Amino acid sequence: MSAGPRRAAVDRLRRVVRGTRAWGRAVWPGPVGALPDFLIIGGQRCGTTSLHHYLAAHPDVRAATGKELQFFSLHFGRGTRWYRAHFPPAVAGRRSFEASPYYLFHPGVPARVAATLPQARFVALLRDPVERAYSHYLHTRAYGVEPLGFAEALAAEPGRLAGALADGPDTPAAHHALRNFSYAARGRYAEQLDRWYAHLPPERLHVIRSEDLYADPAATYAGVLRFLGLAPFTPAEFARHTRRADTGPSQLTPALRAALAAEFAPHNARLADLLGWPRTW
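We now turn to the structure provided with this report. (Residues numbered from 1 in each chain as written. Predicted model: local features only at pLDDT ≥ 70, side-chain atom pairs only at ≥ 80, totals over all residues. Heavy atoms only, no water.)

**Side note on the pattern of salt bridges**
A side chain of one charge can pair with a side chain of the opposite charge when the charged atoms of the two come close. With the rule as written, the count across this model stands at 7 salt bridges. Linking Arg 160 and Glu 146 is a salt bridge whose minimum nitrogen-to-oxygen distance equals 2.7 Å. Placement of the pair is Arg 160 in helix H7 (residues 150-164) and Glu 146 in the loop between helix H6 (129-142) and H7, with a sequence separation of 14 residues. A salt bridge links Arg 270 to Asp 194; the shortest N-O distance between them is 2.8 Å. One end of the pair, Arg 270, is in helix H12 (residues 254-275); the other, Asp 194, is in helix H9 (residues 189-197), with 76 residues separating them in the sequence. Residue classification places Arg 270 among the partly exposed residues on the basis of a relative accessible area of 39%. (Salt bridge = Lys/Arg side-chain N within 4 Å of Asp/Glu carboxyl O. Helix = DSSP H or I, 4+ residues; strand = E, 2+ residues; numbered from the N terminus. Buried < 20%, exposed > 50% of the residue type's maximum accessible area, 1.4 Å probe, protein only.)

**Regarding the pairing of strand E3 (residues 95-99)**
Among the 5 residues that make up E3, 4 are buried, leaving the element largely enclosed by the rest of the structure. Where strand E1 (residues 38-42) and E3 come together, 3 bridges link them in parallel fashion. Its bridge partner lying in E3, Phe 38 is registered against Phe 97. Both strand E2 (residues 61-63) and E3 contribute to a ladder of 3 bridges, which runs parallel. Across the sheet, Ala 63 pairs through a bridge with Phe 97, a residue of E3. (Pairing = 2+ DSSP bridges.)

**Points about the packing of aromatic side chains**
Using the criterion set out here, one finds 18 aromatic pairs in the structure. A ring pair is formed by Phe 71 and Tyr 83, whose centres lie 4.4 Å apart and whose planes are at 10°; its orientation type is stacked. With Phe 71 in the loop between E2 and helix H3 (80-84) and Tyr 83 in helix H3, this pair connects stretches of sequence that are 12 residues apart. Summarising the burial analysis for this pair, Phe 71 and Tyr 83 share the class buried. The interplanar angle of 50° and the centroid separation of 5.7 Å between the aromatic rings of Tyr 189 and Trp 281 together place this pair among those described as tilted. You can see Tyr 189 sitting in helix H9 and its partner Trp 281 sitting in the segment after H12, a full 92 residues away along the chain. Counting every residue linked through ring pairs, the aromatic cluster contains Phe 71, Phe 72, Phe 76, Trp 82, Tyr 83, Phe 87 and Tyr 103. The cationic tip of Arg 121 hangs over the ring face of Phe 227; the distance from NZ or CZ to the ring centre is 4.7 Å. Lying over the aromatic face of Phe 181, Arg 160 brings its terminal NZ or CZ to 3.8 Å of the ring centre. (Phe/Tyr/Trp six-rings, centres within 6.5 Å; stacked < 30°, edge-to-face > 60°. Lys NZ or Arg CZ within 6 Å of the ring centre and 35° of its normal.)

**Looking at the side chain of Glu 98**
Of note, Glu 98 is situated in strand E3. On the accessibility criterion, Glu 98 (0% relative accessible area) is buried. A distance of 2.7 Å separates the side chain of Glu 98 from the side chain of Tyr 83, its partner in a polar contact. Within polar-contact distance, the side chain of Glu 98 engages the side chain of Tyr 103 at 2.7 Å. When near neighbours in sequence (up to four residues on either side) are disregarded, Glu 98 contacts Phe 38, Leu 39, Ile 40, Ala 64, Leu 69, Gln 70, Tyr 83, Phe 87 and Tyr 103. (Polar contact = N/O pair within 3.5 Å; in protein donor to acceptor, adjacent residues only side chain to side chain. Contact = heavy atoms within 4.5 Å.)

Right under this line is the structure:
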């Protein structure tokens, strides 16, 4: 078994073990953990793993039992007691959180989150959609899920998503396509934020550029802490965390990059208007 499929199998096993333990805590009589105070909601391949590490290092923050619980996207039917079993009990002065990058993109998540976590706050990271799309493609290919070249996968994306969504966004086929083959769709950020703003006020959602987190992690992290009402803190290091290394010649050719940039340009302009940003990418 190659490295990608092996890693995917290990990830699945880890999620099964974590979920089974949560079931055990949920069905056992007595209290379970408190609902989280904040969420990192995405986007995928935008630095959420790094930010998760930085926030988990804060002395007043306690992370869930693992990253990507996917409760509001994949496992909402398991109920809030199962979800709470992934978190510690409430403690004065401490905040808990989880990070699931699929939350930003899945259309059913904002309403579920708003109903379940009426006081929580949310953090979203957005990356240059061209770079994000190609990183997503490399990630999917590394896991052995994508058989097509990058240009062919982009061309196939509308048909793949439309076919998978024929019976709604919560079928196994829909989740598979939305998570794996949404290379361009996930870069249309304004559409996704519109769904979130329809269910919660803008002041509860902090949006940052991934490039700013990479270029000046201390200042960007400090802004996140202020938004969350957490005391200033500096982690031991601001390392970048990713589980995929690029190998081989890039399929993001200059021509394809230019075509994608032109495709994303109106969506980026609308995002700048929506957030009041002077620029996007």
